[in-house]
Amino acid sequence: MAIHMFYDGYLLTSDLALAIILIIFGFVTVVGNVLVCLVYVKDPLKNLRTVSNFFVVNLAVADILVGVTVEPLNASSFWEKENREILFAFYVFAILSCVCSILNIAALMMDRHLAVSKPFKYRFIVTSRRVKLSLFVIWLYSVHFSLLPVLGWRTKSFQIYLYCFGVLLPTGIMLVCYYGLLRILKKKTEALKMSSCNKESISLKKIISRERRVSTTVLIMLMVFLFAWCPFVVVDFILVFCT
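Computed from a prediction, not measured in an experiment: that's the story for all the values here. Here, residues in each chain are numbered from 1, in the same order as that chain's written sequence. Per-residue local features are limited, in this predicted model, to residues with pLDDT of at least 70; the limit for side-chain atom pairs, both in listing and counting, is 80 or more; totals at the level of whole chains, interfaces and linings are taken over all residues. Side-chain metrics rest on all non-hydrogen atoms present in the structure, leaving aside hydrogens and water.

Participant: Could you give an account of the overall build of the protein chain, naming the residues involved and the relevant values?
Facilitator: A run of H or I in DSSP counts as a helix once it spans at least four residues, and a run of E counts as a strand once it spans at least two, with each numbered from the N terminus. Across its full length, the protein chain carries 7 helices and 0 strands. Start at the N end of the protein chain and walk to the C end: the helices and strands fall as α-α-α-α-α-α-α. Here the protein chain holds 243 residues, and 39% of them are scored as buried. In the protein chain, of all internal contacts separated by at least 6 residues, the share reaching a separation of at least 24 is 80%. Residue burial considers only the protein chains on display, and all accessible areas are found by Shrake-Rupley using a 1.4 Å probe. In the structure as shown, the protein chain presents an accessible area of about 14,200 Å², 73% of it carried by carbon and sulfur atoms. Burial status follows relative accessibility: with a 1.4 Å probe on protein chains alone, a residue under 20% of its type maximum counts as buried, one over 50% as exposed, and anything between as partly exposed. In this analysis, two residues are considered to be in contact whenever any of their non-hydrogen atoms come within 4.5 Å of each other.

Listed below in structure tokens is the structure:
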């Protein structure tokens, strides 16, 4: 008996042009993110071996998963049009990689918020052990979403559960952290304007400027991620709730 989500025909097969594009994208995705991992591992000065960059590497691993499983499985549906199990596997791995990616981006923003709000306690709060534990929780949380359809939950309520707790919740947490971060940076900037211009204040200005750039970069990552997935989510909801 063929496996399907929501209803038979929900998971669409690729045509030849899309299959070729997906294969190319898969190759580029894997190569690019493997290079990210290699840069982290082979960094001669160890400047990149920070606890925060664990999340960057984990994000690269999630993207490698996309290039190795999601895109090839979707592309293979052109040659295996009757094999619904391939499309179901594509759906499961797409959930896993998508949720894991957005959780890593949210974790990066939370890390930046802690670094700015508690600069003197940061090194004691964000330890290597705790970050590794958080990475395990991120993968465990992501896997549970992908396992639910395998275990049989393939109704419209699963779609609501997935997007509420797998996408909207981490996005909301990240936006709240970013807003709080901007408020803290603004207060520190105003305090610096009132202080005398010495070496300490100049150094603090550089730190604030750097944190603002890093946080903005993480926000841009989230916006690009959401922008890329938004068409898929919209079409997905239409297919599930309007068909």
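Participant: I'd love a proper account of empty space enclosed by the protein, names of residues and values included.
Facilitator: In this analysis the probe radius is 1.4 Å and the grid spacing 1 Å, with only protein atoms considered; a cavity is a set of points the probe fits into but cannot get out of, a pocket is an open set with protein on both sides within 12 Å along at least five of seven lines, and lining residues have an atom within 4 Å of a point. Grid points are joined across faces, edges and corners, and a volume is the space filled by probe spheres set on the points. By the definition in use, this model includes 1 cavity of 30 Å³ or more. In this structure, the largest cavity encloses a volume near 110 Å³. Taken together, Tyr91, Ala94, Ile95, Cys98, Val99, Leu162, Tyr163, Val167, Trp229, Phe232 and Asp236 make up the lining of the largest cavity. Mapped by element, the contributors of at least two residues to the lining of the largest cavity are helix 3 (84–117), helix 6 (156–194) and helix 7 (199–241). Among the elements that make up the lining of the largest cavity, the one with the highest residue count is helix 3 (5 residues). Charged means Asp, Glu, Lys or Arg here, nonpolar means Ala, Val, Leu, Ile, Met, Phe, Trp, Tyr, Cys or Pro, and polar covers whatever is left, Gly included. Class assignment for the residues of the lining of the largest cavity results in 10 nonpolar, no polar and 1 charged.

Participant: Please provide a residue-by-residue account of the nonpolar core, values included.
Facilitator: Counting 45 residues, the largest nonpolar core has Phe55, Ile95, Ile105, Met109, Ile138, Leu162 and Met174 as the members making the most contacts within it. Looking at which element gives the most residues to this core, the answer is helix 3, with 14 residues. Apart from the residues lying within four places of it in its own chain, the contact partners of Phe55 are Asn104, Ala107, Leu108, Asp111, Val131, Ser134, Leu135 and Ile138. Take the buried Ala, Val, Leu, Ile, Met, Phe, Trp, Tyr and Cys residues and link them wherever side-chain atoms come within 4.5 Å; each set so joined is a nonpolar core.

Participant: Describe the packing of helix 3 against helix 5 (residues 128–150), with residues and values.
Facilitator: Between the N-to-C directions of two axes lies an angle of 0 to 180 degrees, each axis being a line fitted to C-alpha atoms and, for a helix, fitted only over the stretch in contact. Viewed as axis vectors pointing N to C, helix 3 and helix 5 meet at an angle of 150 degrees, and their least axial separation amounts to 9 Å. Classed by the angle they form, the pair helix 3 and helix 5 counts as roughly antiparallel. Of the two possible hands of crossing, helix 3 and helix 5 adopt the one that is right-handed. Contacts from Phe88, Tyr91, Val92, Ile95, Leu96, Val99, Cys100, Leu103, Asn104 and Ala107 of helix 3 reach helix 5 at Leu135, Ile138, Trp139, Tyr141, Ser142, Val143, Phe145, Ser146, Pro149 and Val150. For the contact of helix 3 with helix 5, the residue count by class is 17 nonpolar, 3 polar and no charged. An angle below 35 degrees is read as roughly parallel, one above 145 as roughly antiparallel, one from 65 to 115 as roughly perpendicular, and any other as oblique. Less than a right angle of anticlockwise turn of the near helix away from the far helix marks a crossing as left-handed, whereas a clockwise turn marks it as right-handed.

Participant: I'd like to hear about the side chain of Glu71, residue by residue, with values.
Facilitator: Along the polypeptide, Glu71 turns up in helix 2 (residues 53–76). Excluding residues that lie within four positions of it along the chain, Glu71 makes contacts with Leu22, Phe25, Gly26, Thr29 and Val66.

Participant: I'd like to hear about the pattern of salt bridges, residue by residue, with values.
Facilitator: Salt bridges are defined as contacts in which a side-chain nitrogen from Lys or Arg sits within 4 Å of a carboxyl oxygen from Asp or Glu. Across all of its chains, the model carries 1 salt bridge by this definition. Arg112 is the partner of Asp111 in a salt bridge, and the nearest nitrogen-oxygen pair spans 2.9 Å. On the accessibility criterion, Arg112 (11% relative accessible area) is buried.

That's the geometry; what it means functionally is another story.
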